[in-house]
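Examination of the molecular architecture
For reference, the chains in residue letters:
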Amino acid sequence: SISSLFAAKSERKSGFGKALLGILLAIPVLMIVIPLLISSDVAFAGFITSFFENISLTIVKVILGLIITPFVIAYCFALKNSEKKEYIPSKFKGIDNTIVISFLSALSVCYFAYLVSQLAYFFSAFKGFLPDGYQFNLSSYARRGFFEMSAIAAINFVIIFCALLLSKKKNGKICVPSRLICLFISVFTLIIITTAISKMVLYIRELGMTRLRITTSAFMVFLGIVFLSVILRLFISKIKVLRVALVTAGTVLLILGVANVNQVVA
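Notes on the structure in this doc start here.

Looking now at helix H10 (residues 241-258). The terminal C-alpha atoms of H10, which comprises 18 residues, lie 26 Å apart, in line with the 26 Å expected from a rise of 1.5 Å per residue. Within the span of H10, buried status applies to Val241, Ala245, Thr248 and Val252. Here the buried residues of H10 occupy an arc of 70 degrees about the axis, which is enough to place them on one side. Facing away from the buried side of H10 by over 90 degrees, the exposed positions are Arg243, Leu246, Val247, Leu253, Leu254, Gly257 and Val258.

Written as structure tokens, this is what we have:
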């Protein structure tokens, strides 16, 4: 693609390649001239300093964007125009439901016991008070809830995804006991997500809002929507959880990108 800039039949493309070559050849000379000009004049030195203050980060972002964008666009066109392959039924009929139910039941019992034992800790944020040992360390209290939520949510999502994908199915659906246990796991995950959000609200109310606290809250909202879609998927096979996750993530990122987060904080 680089050689085509110089070998193209179009005069416009050929001229662009020659101009680019001239600019590249000028860079070594500029690296000598610019420091001399900076040393000779304070005003010019201040101008160059302000101009290049964040230029390195900007250049890295532009380069990464230029590298990634063609692949993303090409992939979108490929998805739209790709030929449909002939469907070949798989010989794999799924894992026996007894194994799946036993695995999910053991996990659910552990979650239930953990929920009962930590009931006061999990829901203390809803009441607006802190458990013993956290009165003077609110940040540790909020962070602990967030990391617990993130790890458990990731594990539970993978487990439910595998159960839906690998279990033996009847009429395209997993058996009722498996669905009910997956429902309990999903509801449990929503509870700890909601609890983590309530802790963040308490954290913001006591110590103020920051950009990191906003983005963290947005991430927790994203997880909540994903697990709501997981619950719906257990009973409505048309729900596409991964599509919901991608659309939700894109929407959250666009909102954060368009909104002036620092102004919201102020």
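From this point, things continue past the structure.
Okay, the nonpolar core next. Core analysis: the largest hydrophobic core is formed by 35 residues, its most contacted members being Leu104, Met149, Ile160 and Ile185. For this core, the elements supplying multiple residues, two or more each, are helix H5 (97-117), helix H7 (138-166), helix H8 (176-207), helix H9 (211-235) and H10. Among the elements that line this core, the one with the most residues is H8, at eleven residues. Once residues lying within four places of it in the same chain are set aside, the contact partners of Ile160 are Cys182, Ile185, Ser186, Phe227 and Val230.

Turning next to the side chain of Ser186. Structurally, Ser186 is set in helix H8. With relative accessibility at 0%, the residue Ser186 sits in the buried group. Side-chain polar atoms of Ser186 contact the backbone oxygen of Cys182, separated by 2.9 Å. When sequence neighbours within four positions are dropped, the list of residues in contact with Ser186 reads Ile160, Phe227, Val230, Ile231 and Leu234.

Here we come to the packing of aromatic side chains. Using the criterion set out here, one finds four aromatic pairs in the structure. A centroid spacing of 4.7 Å and a plane angle of 15 degrees characterise the contact between Tyr111 and Phe188, whose relative ring orientation is stacked. In this pair, Tyr111 is assigned in helix H5 and Phe188 in helix H8, connecting sequence segments 77 residues apart. Here Tyr111 falls in the buried class, since its relative accessible area comes to 9%. A connected cluster of aromatic rings, assembled from ring pairs, spans Phe157, Phe161 and Phe227. When the ring centre of Tyr203 is taken as reference, the NZ or CZ atom of Arg213 above it lies at 4.2 Å.

Definitions and limits used
- Residues numbered from 1 in each chain as written.
- Predicted model: local features only at pLDDT ≥ 70, side-chain atom pairs only at ≥ 80, totals over all residues.
- Heavy atoms only, no water.
- Helix = DSSP H or I, 4+ residues; strand = E, 2+ residues; numbered from the N terminus.
- Expected span 1.5 Å × (residues − 1).
- Buried < 20%, exposed > 50% of the residue type's maximum accessible area, 1.4 Å probe, protein only.
- Arc of directions from axis to C-beta.
- Core = buried A, V, L, I, M, F, W, Y, C linked by side-chain atoms within 4.5 Å.
- Contact = heavy atoms within 4.5 Å.
- Polar contact = N/O pair within 3.5 Å; in protein donor to acceptor, adjacent residues only side chain to side chain.
- Phe/Tyr/Trp six-rings, centres within 6.5 Å; stacked < 30°, edge-to-face > 60°.
- Lys NZ or Arg CZ within 6 Å of the ring centre and 35° of its normal.

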